[in-house]
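# Structure assessment
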Amino acid sequence: VGQDEAGVRSINATRVAQVLLRTVPNLENFKLTLRAVKYWAKIRGLYSNVLGFLGGINCAILVAWVCKRHPTALPSTLLGLFFETFASWGWHFPVSLCPVMSTPPPGVLTMPVWDPVSNHRDAMRLMTILTPAYPTMNSSYNVELPQLRRIYSEFCEAANTASDIMNGKAKWKDLFRPNDFFHQHQHFLQVRISAPNGEDFRSWFGLCESKLRVLIIGLEAPERGIQSFPYATIFHHTHDNSENPEECLREASFFIAFRIALGVENVELRFCINEFLHKVNFWEGRRLGMDLMIEHVKQENLPSFVFPDKAKLPRVEKAKVVNSESSKEATSSERSTQKPPKGPSKAPLQSLRPVENRGERPPHSPVSSTNPSPAKRAKKKTISGAGD
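The rules behind the values
Each chain carries its own residue numbering, running from 1 in the written order of its sequence. In keeping with the model being predicted, local features are shown solely for residues with a pLDDT of at least 70 and side-chain atom pairs are shown and tallied solely at 80 or more, while totals for entire chains, interfaces and linings include all residues. Only hydrogens and water are set aside when side-chain values are computed; all heavy atoms of the structure are taken into account. Centres within 6.5 Å are what make two rings of Phe, Tyr or Trp a pair, Trp counting through its six-membered ring; a difference in plane orientation under 30 degrees is then read as stacked, over 60 as edge-to-face, and the rest as tilted. Only runs of H or I of at least four residues qualify as helices and only runs of E of at least two qualify as strands under DSSP, and these elements are numbered from the N terminus. The buried label goes to any residue with under 20% of its type's maximum accessible area, the exposed label to any with over 50%, and the partly exposed label to all in between, with areas taken from a 1.4 Å probe on protein chains only. In this scheme, the term charge over a ring applies when either NZ of a lysine or CZ of an arginine sits within 6 Å of the ring centre and within 35 degrees of the ring normal. Note on definitions: salt bridges are taken to be side-chain nitrogens of Lys or Arg within 4 Å of carboxyl oxygens of Asp or Glu. Polar contacts, as used here, are pairs of N or O atoms within 3.5 Å; protein pairs need one atom able to donate a hydrogen and one able to accept it. Residues neighboring in sequence count only if both atoms are side-chain atoms. Contacts are assigned to residue pairs that have any heavy atoms within 4.5 Å of one another.

The next thing to look at is the packing of aromatic side chains. Counted by the stated rule, this structure contains 25 aromatic pairs. Their ring planes at 45 degrees and their centres at 5.6 Å tell us that Y39 and F176 sit as a pair that is tilted. Separated by 137 residues along the polypeptide, Y39 in helix α3 (residues 27-43) and F176 in the loop between α8 (172-175) and α9 (181-184) bring together distant segments of the chain. Seen in terms of ring centroids, F181 and F182 are 5.1 Å apart; in terms of plane orientation they differ by 90 degrees. Their pairing is edge-to-face. Exposure remark for F181: the relative accessible area of 0% places this residue in the buried category. For F182, a relative accessible area of 2% translates into the label buried. Counting every residue linked through ring pairs, the aromatic cluster contains W40, W65, F82, F83, F86, W89, W91 and F155. Its end group placed over the ring of Y47, K42 keeps NZ or CZ at 5.1 Å from the ring centre. The residue whose ring lies beneath R69 is W65, and the NZ or CZ to ring-centre distance is 3.8 Å.

Next comes the structure, spelled out in structure tokens:
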């Protein structure tokens, strides 16, 4: 009460949490189920609101929705119902804990609320998870097709596993096993973000992380036969400096898998990542040593740190080619809990030159890389670089 619009929105997360806690019928069951869901999302590479996946508030609202409809269920049952419910959810329908409040409480300014009728942006969102406090907002507005594709696939697999657990065919550890994402795909973009000290790294990494969704969407190019599959876990590394730990080199790696449609031989990624490079290149706070590198990495050349056991495991299944039409499946109104097919895509592609965005260049200069001429490019099956 008495706050302006900016003030109300800034404390909205606290108000949403308070409403959630009043909504659930059994607080302890809700908390335990939510912890399990968040842990599952993290180990499956799905937990990051910044990258367009599920964040803490998204998970809390989804779990609260299940708890409200099954007030006497135990956490183990609630967890199975969670995956069963949202593996078959038509995401064009919003998940809402209460009716949308169109009028503010006494003493609160009138502010825009979620309204797909009058706001076409609200209507165009692929996933809608509404906050229960005024002003009602879509907490999952960051989710785009590549993220929704992975979320839906993981929900389906988890629903099948949970069903097997209830029928005595599997154990709970099977639900929480490490993700096999890096065995499912053949081609990846690795984004490496680095800075020479802790202070520079925090600011540079924060800027790059906030723009990674631009790269993910840019790589989703059905007209070029490309599907992107982002992984929400970011791998951090520190090159130790015993004299002053704060002055050691910091580096973070982010991975996006991509698949190529059948029949596509030449893939040009320059247009897919140009917008991302433009946004980070023109950041005025960039300093010397704030580096960025984007490179194509095949599955067999992935760094060992992406595997839970710190070693590369042999690939069990042969690679498969994905038809670009399959990108429509994530937005279909009819869902099933059938396990999505596993196995990486296969395409006759050669390696991509690294796209380097190094801090020693002037911060506003465009990134450049050497690419073969169009004539030479057409003679072989390649993935071409970016930043010409």
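Here we come to the environment of P99. With respect to the secondary-structure elements, P99 resides in the loop between α5 (75-87) and α6 (120-124). Sequence-wise, P99 and T136 are 37 residues apart; in three dimensions their C-alpha atoms are separated by 9.3 Å.

What follows is about the pattern of salt bridges. Throughout the structure, instances matching the rule amount to 10 salt bridges. In this structure, R44 and E157 form a salt bridge, with 3.4 Å as the shortest nitrogen-oxygen distance. Here R44 is found in the loop between α3 and α4 (56-69), whereas its partner E157 is found in helix α7 (residues 145-166), with 113 residues between them in sequence. By relative accessible area, which is 2% here, R44 ends up buried. Where R224 meets E223, a salt bridge forms, and the shortest distance between an N and an O atom there is 3.4 Å. The exposure class of R224 is partly exposed, given its relative accessible area of 32%. Via salt bridges that share partners, R44, R150, E154, E157 and R177 belong to a single interconnected network.

Looking at the element boundaries, E251 is found in strand β4 (residues 249-260). Polar contacts involving the side chain of E251 include one to the side chain of R192, which spans 3.5 Å. If sequence neighbours within four positions are ignored, E251 has contacts with R192, I193, S194, F201, F235, H236 and H237.

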